[in-house]
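Below, each chain spelled out in residue letters.
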Amino acid sequence: TLANDPSVDVRMYVAYGTYDTDLLNKLAVDTSSAVRSGVANNLYTSEQTLMSLVNDSDDIVRRCLADNPNTPAEALTVLALDSDSAVRWRVGRNTISKELAWFMSADVDEGVKREVANQLLTITGTAPSSGVELDLVNLRNIYDTIVESNKLTEPMLARFIKAKMVLTQTEL
């Protein structure tokens, strides 16, 4: 089959163009990042296969994954912590919850902040600085995903504590 072709270009075109989810599952572990990028970008790739690409070593694969509108929310949450600002910026352009957008509004990259501010404006009609109504359950899901990914930092924890205090009207 074309998926086994020795040419990376052929396998890449198959990955970008096929509707066959079993074939996409196979191509997701291809040695070529160009092929895996095609899988990450393909709208017919299963959620399970998309999730398997979230920690791919190649930035381009993760960028394609962040662009895919079918990428699961859990994967987008992990990608929101990516070391590559272009990945995080693409997450901000995707359909994300207002809680994740609020969390990302504290990103160190100005481009990411701008994109997320636009996303919050679209979702809620308000900018991050004017206060956004957050859902504690959704925020908890984001927190749990970040903890499971082993990427929780002290500043992130402080942001979650602040959000919980605001949501529950409690003080430390």
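It should be noted that the structure appears before, not after, this text.
Structure report, in brief. This is a predicted model, so every value here is computed, not measured. (Residues numbered from 1 in each chain as written. Predicted model: local features only at pLDDT ≥ 70, side-chain atom pairs only at ≥ 80, totals over all residues. Heavy atoms only, no water.)

Details of the pattern of salt bridges
Condition: The term salt bridge refers to a side-chain nitrogen of Lys or Arg lying within 4 Å of a carboxyl oxygen of Asp or Glu. Only DSSP runs of H or I reaching four residues or more are called helices, and only runs of E reaching two or more are called strands; each is numbered from the N terminus. To sort residues, take the accessible area from a 1.4 Å probe on protein chains only and compare it with the maximum for the residue type: under 20% means buried, over 50% means exposed, and anything in between is partly exposed.
On inspection of all chains with the given rule, the structure shows nine salt bridges. Residue arginine 62 pairs with aspartate 59 through a salt bridge whose shortest N-O separation is 2.5 Å. Here arginine 62 pairs with aspartate 59, and both are found in helix α5 (residues 59-67), just three residues apart, close to one helical turn. The exposure class assigned to arginine 62 is buried, which follows from its relative accessible area of 7%. With its nearest N and O atoms 3.5 Å apart, the salt bridge here joins lysine 113 to glutamate 110. One end of the pair is lysine 113 and the other is glutamate 110, both in helix α9 (residues 110-124) and three residues apart, which spans about a single turn.

Observations regarding the packing of aromatic side chains
For any pair of aromatic rings, the description consists of the separation of the ring centres together with the inter-plane angle of the planes. To keep it simple, the criterion reads: Between 30 and 60 degrees the pair is tilted, below 30 it is stacked and above 60 it is edge-to-face, where a pair is any two Phe, Tyr or Trp rings, Trp via its six-membered ring, whose centres lie within 6.5 Å.
All told, the structure shown has one aromatic pair when counted by the stated rule. A ring pair is formed by tyrosine 19 and tyrosine 44, whose centres lie 4.7 Å apart and whose planes are at 90 degrees; its orientation type is edge-to-face. One end of the pair, tyrosine 19, is in the loop between α1 (8-17) and α2 (21-27); the other, tyrosine 44, is in the loop between α3 (33-41) and α4 (47-52), and 25 residues separate them in sequence.

Regarding α3
Put simply, the test is: We call two residues in contact when some of their heavy atoms are within 4.5 Å. Under this definition, polar contacts are N or O atom pairs within 3.5 Å; protein pairs additionally need one hydrogen-donor-capable and one acceptor-capable atom, and for neighbouring residues in sequence, both atoms have to be side-chain atoms.
Within α3 the residues assigned to the buried category are Val35, Arg36, Ser37, Gly38, Val39 and Ala40. If you follow the buried residues of α3, they end up packed against α1, α2, α4 and α5. The N-cap of α3, judged by a side-chain oxygen 3.2 Å from the amide nitrogen of alanine 34 a few residues on, is serine 32.

Some thoughts on the nonpolar core
Definition in use: Throughout, nonpolar core names a set of buried Ala, Val, Leu, Ile, Met, Phe, Trp, Tyr and Cys residues whose side chains join them through atoms within 4.5 Å.
Among the nonpolar cores identified, the biggest contains 39 residues, and Val91, Leu100, Phe103 and Met104 are the most heavily contacted of them. When residues of this core are assigned to their parent elements, the largest contribution, five residues, is made by helix α8 (residues 98-104). With near-sequence residues (within four places) excluded, leucine 100 lies in contact with Leu76, Thr77, Ala80, Val91 and Ile142.

Comments concerning the side chain of asparagine 94
You can see asparagine 94 is positioned in the loop between α7 (85-93) and α8. Look at asparagine 94 and you get buried, because its relative accessible area is 6%. In this view, asparagine 94 contacts Ala66, Asp67, Asn68, Pro69, Leu76 and Gln119; residues no more than four positions away in its chain are not counted.

A closer look at the packing of α5 against α7
Put simply, the rule is: For every element, the axis is a line fit to its C-alpha atoms; helices are fit only across the contacting stretch, and the angle between N-to-C directions ranges from 0 to 180 degrees. Angles are sorted into four bins: roughly parallel if under 35 degrees, roughly antiparallel if over 145, roughly perpendicular if 65 to 115, and oblique for all others.
Running from N to C, α5 and α7 cross one another at 10 degrees; their axes reach a closest spacing of 8 Å. Relative to α7, the element α5 is oriented roughly parallel. Within the contact between the two elements, α5 uses Asp59, Arg62, Arg63, Ala66 and Asp67 and α7 uses Ala86, Val87, Arg90, Val91 and Arg93.

Regarding the environment of aspartate 22
Mapped onto the fold, aspartate 22 is located in helix α2. When its relative accessible area of 58% is taken as the criterion, aspartate 22 is described as exposed. Residues aspartate 22 and threonine 49, spaced 27 residues apart in sequence, show a C-alpha to C-alpha distance of 9.7 Å.

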